[in-house]
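Notes for the structure review
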Amino acid sequence: LATTLHQQDLMRLSGSFRLAQGTFFIPDFHNLIQNASLEWHTDLTEKKLSIDNLTLTLSKGTIACPHATAIWDSQFNVSMLHAPLSIHNMFINWKRDFYGLVYGNLLLNKLPDSPAKLSGLLVLKKSLLKDTFFSQETAQNFYGPLGGKASSSPLPVGLSIRLITEKPVTAKTPALNAAVTLDLTINNIVGKDFYSSPYLTGAINLDNGYLKFFNNKLQVEQGRIQFVANHINDPLIDLI
């Protein structure tokens, strides 16, 4: 790590951070953080932290934030936060069941007396959905509360992220082979003393493929899987 610290004014410290050598490994995420850099400034009088030119370079893709601001209260809790994020061709995966490249813009924002929220638009391209992505266990991981029950600790971040496809992606499973387009929103419910795991709303459209059913190959002319907020464990399925 390469760091600098400017302390001419102890009430207004500043500095920089840069990952000179090495990598960070995130469990179950097959994309190493190879480089990181940022500049930071504090104003202890105004209880304010500013971060400029934040860049994370991964094995595939980058995340950048030109300017972020955080303000904390007298108890050193973050009361306000504003951090726009730009994502460029980042490789993502859900365990070993989903792979893809994603780009888009997100905003991490917090106002006083409300939880932080991550919102924005992500676009998928060159994606692949595999068999267990559609399994019952995966569905429960997506829709059930964390740990299988409601938690007494608030989730630090609320979610409202729209996820779409740049062009149809491929779903290959023993039962399904089709082109898929997504228009989904990743949400969660944040309360004062409970939270839910992320859940999906929106639709998955199937086209130009086939479904294997009781040793028969059925051509899919049109298909739609729709996730409705009040039926998150029971999506609506319409296949022709």
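Residues numbered from 1 in each chain as written. Predicted model: local features only at pLDDT ≥ 70, side-chain atom pairs only at ≥ 80, totals over all residues. Heavy atoms only, no water.

**With respect to the overall build of the chain**
Rules: Put simply, DSSP H or I for four residues or longer makes a helix, DSSP E for two residues or longer makes a strand, and each gets a number counted from the N terminus. Relative accessibility decides the category of a residue: with a 1.4 Å probe and only protein chains considered, values under 20% of the type maximum give buried, values over 50% give exposed, and everything between is partly exposed. In this analysis, two residues are considered to be in contact whenever any of their non-hydrogen atoms come within 4.5 Å of each other. Shrake-Rupley sampling with a 1.4 Å probe provides the accessible areas, and residues are treated as covered by the protein chains on show and by no other component.
Each helix and strand counted, the chain has one helix and 16 strands in total. Sorting the 240 residues of the chain into buried and exposed places 33% on the buried side. Contacts in the chain between residues at least 24 apart in sequence constitute 45% of all its contacts with a sequence separation of at least 6. Accessible surface computed for the chain: about 14,500 Å², of which carbon and sulfur atoms make up 57%.

**Brief notes about unusual backbone geometry**
Not every positive phi belongs to a glycine, and Asn89 is a case in point at roughly 45°. By secondary structure assignment, the location of Asn89 is in strand S7 (residues 78-94). Positive phi values are uncommon outside glycine, yet Asn208 reaches one of about 55°. Along the polypeptide, Asn208 turns up in strand S13 (residues 199-213).

**Comments concerning the confidence of the model for the chain**
What counts here: Per residue, pLDDT measures the predictor's confidence, with a range of 0 to 100.
Put simply, the chain has an average pLDDT of 82, and 83% of its residues get 70 or more. Considering each helix and strand of the chain separately, the mean pLDDT is smallest for helix H1 (residues 136-143), with a value of 45, and largest for strand S6 (residues 62-72), with 96. For the stretch residues 132-154, pLDDT sits under 50, and the model shows 41 contacts to residues farther than four places along the chain or on other chains.

**Remarks on the side chain of Thr42**
Its place among the elements puts Thr42 in strand S4 (residues 29-43). Discounting chain neighbours no more than four positions away, the residues touching Thr42 are Met11, Arg12, Leu13, Lys48 and Leu49.

**Let's talk about the packing of aromatic side chains**
Put simply, the rule reads: Planes of paired rings set the category: under 30 degrees apart is stacked, over 60 is edge-to-face and the rest tilted, where pairs are Phe, Tyr or Trp rings (Trp by its six-membered ring) whose centres lie within 6.5 Å. Our definition puts a charge over a ring when NZ of Lys or CZ of Arg is within 6 Å of the ring centre and also within 35 degrees of the ring normal.
Taken as a whole and assessed by the stated rule, the structure comprises one aromatic pair. Ring geometry for Phe213 versus Phe214: centroids 4.5 Å apart, planes at 65°, classification edge-to-face. Among the residues examined, Phe213 registers a relative accessible area of 45% and is labelled partly exposed. Over the aromatic face of Tyr210 sits the side chain of Lys217, whose NZ or CZ is 4.4 Å from the ring centroid.

**Remarks on the pairing of S6**
Sheet faces and side chains relate simply in a regular strand, where the side chains alternate between the two faces. To be explicit about the condition: Pairing between strands is defined by DSSP: at least two bridges between them are needed.
As paired strands, strand S5 (residues 48-58) and S6 are joined by nine bridges and run antiparallel to one another. Bridge assignment links Ile51 to a residue of S6, and that residue is Ala68. Between S5 and S6, which pair antiparallel in sequence order, lie three residues; one of them, Gly61, sits at a positive phi of approximately 110°.

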